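# Residue-level structure breakdown
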Amino acid sequence: MKKDKDVWSHKRKQKSVCWRRAFSPQVEMMLSAQTSMGCALVILVFLLNIGSLIIYFVNLAEAEEFKIFFPDSILYVDKALNVFFLLYFGLRFVAADDKLRFWLQLNSLVDFFTIPPVFVSYYLKRNWLGLRFLRALRLLELPQILQFLRITKSNYSIKLSKLFAVFISTWLTAAGFIHLVENNGDPWVQPANSQSLSYFKCMYLVMMTMSTVGYGDVVVQTTLGQTFNIFFIIGGLVLFANFIPEVVEIVQSRKNYKSSYEVVSGKNYIVVCGNITLESVTTFLRDFLLQDKGSVCTEILFLGESLPSLELEAVFRCYSAYTTFFYGSALNSGDLKRVGMGSTNACLILADVHSPQPYTEDTSNIMRVLSIKNHYPNTRVILQIIQSHNKAYLPNIPSWGRRTGDSIICLAELKLGFIAQSCLVPGLSTLLTNLFIVEEDTETKRKYLRDKMLLEDKDYKVMTSQLSNDFAGMTFVEVCRLCFVKLNLVLLGIELRFGSQGESTILINPSAQIKLHRNTMGFFIAHSLAEVRRAQFYCKACHSDIQDPEQIKKCQCKSRLCSKSFSEKWKFYKESHVSDGEPASLDVLPPQSFVNGDFEGQGEENSRVTLDSTGMFHWCGAVPLQEALLSCKDQAAPNLQGHILVCVFGDANSPLIGLQDFVMPLRASNFIYHELKDIVFLGSLEYLQREWKFIQNFPKLWLFSGSALSREDLRAVKVQDCAACTILSSNTSASSNPSLVDTESILATLNIRSMQDAVFRAKALGNQSQPCYKRIPITTELKFSPNAQFINQAPSGNPEIPEQDQLFTTGVPAGAIFSDSFLNSLLSMTYYNHHILALLQTLVTSGTSPALGEQGLEEGSRSPEDGIHRASRLRCKLALLPLPGRLRGVSDNSFGDIYCRALDLFGILCFGLCRLMEEPNPYRNRFVIARPASDLKMLSTDLLFCLVPFNVATTDVL
């Protein structure tokens, strides 16, 4: 019998469990409004709660008029509503996962204190309001209902509805409690200390309490009311103090930042989107206004995906005359329409260079480009990209192209290209900075240099202009010399157009095989656009006999004829500026020795020269990681001499720096194979092996597992014998203190520098009267530019350097520090002239392209019959050369003489000077002069920044 009962009990439990499993999920779905029926039920419950609250207010009015008995209709309606609430309460209880926690939920407590009073009132036929004012707390569900009904969609409207719901429900509930206790008095006090207060007066009292105004015309008398006010004033004050500012901020943001821009015909404006932060906006405005030379004619519209902070709002107010902020996203077609994207001069997309996830940052910006181009294909877009391999996605966008002026500023490609070139040409980054990007600060130089002619380089910039058609048919060297002699201009390169589709390429100091065409654009170093226009206005018939460049103006002649042939006049100018004598002894290979992409006469070494399929790089078969890995016992390590040491800080989880962008300019095919320097990467093996697959096809690369913070590892890679040293760091998450972001790079720089100081100080002990210091060029990458203060310090206590000169002697050496903020100015520069960016990219990357490089390395080595290699290797190269041997020690030669002699005899184009600083200068530090004056007297110790033709072999002469 007992056994049958147990079996029956077990079956009943199983049925109960099955019923719950079948019924409970459906109830949960319905109550969570995941179905149309559930959504309707939730909305219905909310409306019925509002109806019950209205009945409460009606009852209040009747009670204040001393009507004790209810009309039967109101009682019946209120009873029906609460019967429904009771059933809904049961459904919620069945669907609740945690039954105990369910009893403590806010909606459950509201039902406890509001449903029973209604049934009691109906039974007693008496007006007892009780705690029915708690129904006002159901207003907290209003934001959710509005979202179900699709009334509130935007972030600001949802936030605003939540604020109003919290404020109103708290206000009404508190007023109801005060009304209850004040009209009934304290239950333990006899006679009663109650007072007659209407509900409106209670609302008035609560508002005065929350706002802390407290007029005192309405006060509470009961102990319960006073106790409630003690706690309520604390919470109410916090609520009121936060509610008002947030509501005002949201309303103002909607009014100020969600409006539409009114496009005015003829008015220039640009749209800036992407990473809109205080730092990026401040930097952009400074650079953009600097490029505009103070006459701002372009309005700047910032499209930000988050509301601006107080600091950023202050910046916008400071520049309110020509900046406007709009709240929206470039991914939203409505926001693009609001800012007039179809009529803008350009859209500039900023990238977060400090992003811990550069791939995500790049793809997000590429999606913004796609959104803009889909809706407005003719809009010009200038985009910042962090990693170079992400550039491959942009050509897939149909309307992307250079014809509309679209440009890509690849930060890693340019940064690592600058650093790589600085390893071969120390000081180049400073020189290019002065010429392309920012004004040079010459205050320190002015204090220490007596020759004021050295200061004239501060205003020289790279500019573009169309060349006169009278130059058509001439070689670049002929035009370059004529511009320097007659027009006082330094011509760096030209833009050559070819093909039926109007393709163009930039040629820097091209060979004599290239003849200029009509309507060719040139790149000049000049003070102003007025100087550059001389090359456009030059006329053989009118200006051949003019000696003063300032007199060359636009002429009105129609016949382009002259009495004397131009070749005769060219020969006259050439002979008048070139001294007699034998040419200087440089290792020059005649153009005839360059055959099929290889140099003849190289013997056995020539057999090792292999280029990739594009002809842009020196190539080799994939080298296994273990073969490139050095150790202290390897034979290769002791033989390292004149190599480039790259100290890399990164781990297995760090974002990739992109060492391929660093290696490619150093393995450009315009270098002769024996000019290639060994590159040794010192860092964590876990990180280096992640980068190795991208650089394993470049020759003369080595890896060493270690750290630049260890002197033992630095000695193992022969830091004292390297030609240049570079310190790179992978992007890391931003520290709370920006000064600590570059800790490893700074400590490594000081560690290497102290080792060099110790070695050179020991060498100098043999001759105390003639100390000789030489520092290996160290280029340190800094994420936070103000951290340069920790590196630009001279060794303390050095008696050879006066205390006031110590900072100057180490701070001026060019190219010692490279900061990511250095490249921010390129965005503004590209907007005004995108050709300048193309020239800069050609210079720092040696004309290489990561896209071409990846394609070439994937396809393997070149085919011997591929003729593209000859053209690919005809690129000039950057170099820092001493004066030609014949002119050393001669003091009466000016820069103009050297310029013409180097151009005529070797085809070398000089455009900068690197000069020793004045004594005392025991470290032999130098400073950079961009485009020296033509009559500047040269010194035997000067070094020249040069563009060297491909057939001139450079050697390490520093």
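Because the structure is predicted, anything quoted here is derived from the model rather than measured.

What follows concerns the overall build of the chain. Each helix and strand counted, the chain has 31 helices and 23 strands in total. Evaluated residue by residue, the chain yields a buried proportion of 52% over its 958 residues. Taking the intrachain contacts of the chain between residues at least 6 apart in sequence as the baseline, contacts between residues at least 24 apart amount to 76%. Element-wise, carbon and sulfur atoms account for 56% of the exposed surface of the chain, whose accessible area totals about 45,100 Å².

This part covers the nonpolar core. Core analysis: the largest hydrophobic core is formed by 139 residues, its most contacted members being Phe-284, Phe-302, Phe-436, Phe-662, Phe-681, Tyr-899 and Phe-911. Residues contacting Phe-284, with those up to four places away along its chain left out, are Ile-270, Val-272, Ile-300, Phe-302, Leu-348, Leu-827 and Ser-828. If you look at the next biggest cluster of nonpolar residues, it comprises 38 residues, including Cys-39, Leu-129, Leu-139 and Phe-232.

Here we come to the pattern of salt bridges. In total, this model carries 15 salt bridges according to the counting rule given. Residue Arg-286 pairs with Asp-287 through a salt bridge whose shortest N-O separation is 3.8 Å. In this structure Asp-287 comes out as buried when scored by relative accessible area, which is 4%. One network of salt bridges, in which partners are shared, links Arg-92, Asp-111, Arg-135, Arg-138 and Glu-141.

Okay, the sheet that holds strand S23 (residues 943–948) next. Within a sheet, neighbouring strands are paired by backbone hydrogen bonds and run either parallel or antiparallel to one another. The sheet built from four strands is open, its strands ordered S20-S23-S21-S22 with antiparallel pairing. One side of each edge strand has no neighbouring strand; the edge strands of this open sheet are strand S20 (877–882) and strand S22 (926–930). Taking each pair of neighbouring strands and ignoring which way they run, the sheet shows an average axis angle of 30°. As defined by bridge partners, strand S21 (residues 909–916) adjoins S22 across five bridges and the pair is classed as antiparallel. Bridging from a neighbouring strand, Leu-913 pairs with Ile-929 of S22. With respect to the sheet, helix H31 (residues 895–906) is in contact with S21 and S23, its orientation differing from that of S21 by roughly 135°.

The first and last C-alpha atoms of helix H14 (residues 411–424) sit 20 Å apart over 14 residues, in line with the 20 Å expected at 1.5 Å per residue. Burial of H14 is extensive: 13 of the 14 residues sit out of reach of the surface.

All right, on to the environment of Ala-175 then. The residue Ala-175 is located in helix H7 (residues 155–184) in this model. Residue classification places Ala-175 among the buried residues on the basis of a relative accessible area of 0%. Here the alpha-carbon distance between Ala-175 and Phe-133, two residues 42 residues apart in the chain, equals 8.5 Å. Residues in contact with Ala-175, not counting those within four places in the same chain, are Tyr-199, Cys-202, Met-203 and Val-206.

So, about the pairing of S21. Burial analysis of S21 places eight of its eight residues in the buried class, the great majority of the element. As paired strands, S21 and S23 are joined by five bridges and run antiparallel to one another. For Gly-912, the partnering residue across the bridge sits in S23 and is Phe-945.

Here we take up the sheet that holds strand S3 (residues 323–327). An order of S3-S2-S1-S4-S5-S6 is seen for the six strands of this open sheet, with the pairing classed as parallel. Looking along the sheet, the strands with just one partner apiece sit at the ends: S3 and strand S6 (407–410). Geometrically, the sheet is characterised by an average inter-axis angle of 20° between neighbouring strands, direction not taken into account. Here strand S4 (residues 346–350) pairs with strand S5 (residues 381–385) via three bridges, running parallel. Residue pairing in the sheet places Leu-348 in a bridge with Ile-382 of S5.

What helix H11 (residues 310–318) keeps buried is the set Leu-312, Glu-313, Val-315 and Phe-316. Projected down its long axis, H11 carries its buried residues within an arc of 155°, all on one side. Residues of H11 that are exposed and point over 90 degrees away from its buried face: Leu-310, Arg-317 and Cys-318.

On to the packing of aromatic side chains. Under the definition given, this model contains 28 aromatic pairs. Between Tyr-831 and Tyr-832, the aromatic rings sit 5.1 Å apart at their centres with planes inclined by 70°, giving edge-to-face as the arrangement. For Tyr-831, a relative accessible area of 10% puts it in the buried group. In textbook terms, an aromatic cluster arises when at least three aromatic residues are bridged by ring pairs, as seen for Phe-284, Phe-288, Phe-302, Phe-316, Phe-325, Tyr-831 and Tyr-832. Positioned above the aromatic ring of Tyr-673 is the side chain of Lys-700, whose terminal nitrogen or guanidinium carbon lies 4.5 Å from the ring centre.

Our focus in this paragraph is the packing of H14 against helix H28 (residues 834–844). At a minimum axis separation of 9 Å, H14 and H28 run at an interaxial angle of 45°. Of the possible angle classes, the one that applies to H14 and H28 is oblique. In the packing of H14 onto H28, the handedness of the crossing is left-handed. Facing H14, whose interface residues are Glu-413, Leu-414, Gly-417, Phe-418 and Gln-421, H28 presents Leu-837, Leu-840, Gln-841, Leu-843 and Val-844.

What follows concerns unusual backbone geometry. Of note in the backbone geometry, Asn-488 takes a positive phi value of approximately 55° without being a glycine. Of note, Asn-488 is situated in the loop between helix H17 (476–487) and strand S8 (490–498). A positive phi angle, close to 60°, is found at Asn-519, a residue other than glycine. Mapped onto the fold, Asn-519 is located in the loop between strand S9 (503–508) and strand S10 (521–526). The class of Asn-519 is exposed, set by a relative accessible area of 53%.

Attention now moves to a nonpolar patch on the surface. Side chains of Leu-106, Leu-140 and Val-166 sit close together on the surface and give an oily, nonpolar patch of about 210 Å² of accessible area. Its location among the elements puts Val-166 in helix H7. A relative accessible area of 34% places Val-166 in the partly exposed class.

For the structure on display, the rule yields zero disulfides. For the unlinked cysteine Cys-900, the closest cysteine sulfur is that of Cys-480, found at 9.2 Å. Residue Cys-900 is classed as buried on the basis of its relative accessible area of 1%.

Running from N to C, H17 and H31 point in directions that differ by 170°, and their axes come no closer than 10 Å. Classified by the angle their axes make, H17 and H31 are roughly antiparallel. Side by side, H17 and H31 meet where Val-477, Cys-480, Arg-481, Phe-484 and Val-485 of the first sit next to Phe-895, Gly-896, Tyr-899, Cys-900, Leu-903 and Asp-904 of the second. In terms of residue class, the contact of H17 with H31 is made up of eight nonpolar, one polar and two charged.

The next point concerns the confidence of the model for the chain. Mean pLDDT over the chain works out to 77, with 74% of the residues at or above the 70 mark. Taken together, the stretch residues 886–891 has pLDDT below 50 and engages in 14 contacts with residues farther than four places along the chain or on a different chain.

Glancing now at the environment of Thr-283. One can find Thr-283 in helix H10 (residues 278–291). For the pair Thr-283 and Asn-824, spaced 541 residues apart in the sequence, the C-alpha separation amounts to 7.2 Å.

Here is what the cut-offs are and how they apply
- Residues numbered from 1 in each chain as written.
- Predicted model: local features only at pLDDT ≥ 70, side-chain atom pairs only at ≥ 80, totals over all residues.
- Heavy atoms only, no water.
- Helix = DSSP H or I, 4+ residues; strand = E, 2+ residues; numbered from the N terminus.
- Buried < 20%, exposed > 50% of the residue type's maximum accessible area, 1.4 Å probe, protein only.
- Contact = heavy atoms within 4.5 Å.
- Areas by Shrake-Rupley, 256 points an atom, 1.4 Å probe, with all protein chains shown as cover.
- Core = buried A, V, L, I, M, F, W, Y, C linked by side-chain atoms within 4.5 Å.
- Salt bridge = Lys/Arg side-chain N within 4 Å of Asp/Glu carboxyl O.
- Pairing = 2+ DSSP bridges.
- Axes fitted to C-alpha atoms, helices over the stretch in contact; angles between N-to-C directions.
- Expected span 1.5 Å × (residues − 1).
- Arc of directions from axis to C-beta.
- Phe/Tyr/Trp six-rings, centres within 6.5 Å; stacked < 30°, edge-to-face > 60°.
- Lys NZ or Arg CZ within 6 Å of the ring centre and 35° of its normal.
- Parallel < 35°, antiparallel > 145°, perpendicular 65-115°, else oblique.
- Left-handed = near helix turned anticlockwise from the far one by under 90°.
- Patch = residues over 30% accessible without salt bridge, like charges linked within 9 Å, V, L, I, M, F, W, Y side chains within 5 Å.
- Disulfide = S-S within 2.5 Å.
- Nonpolar A, V, L, I, M, F, W, Y, C, P; charged D, E, K, R; others polar.
- pLDDT = per-residue confidence, 0-100.

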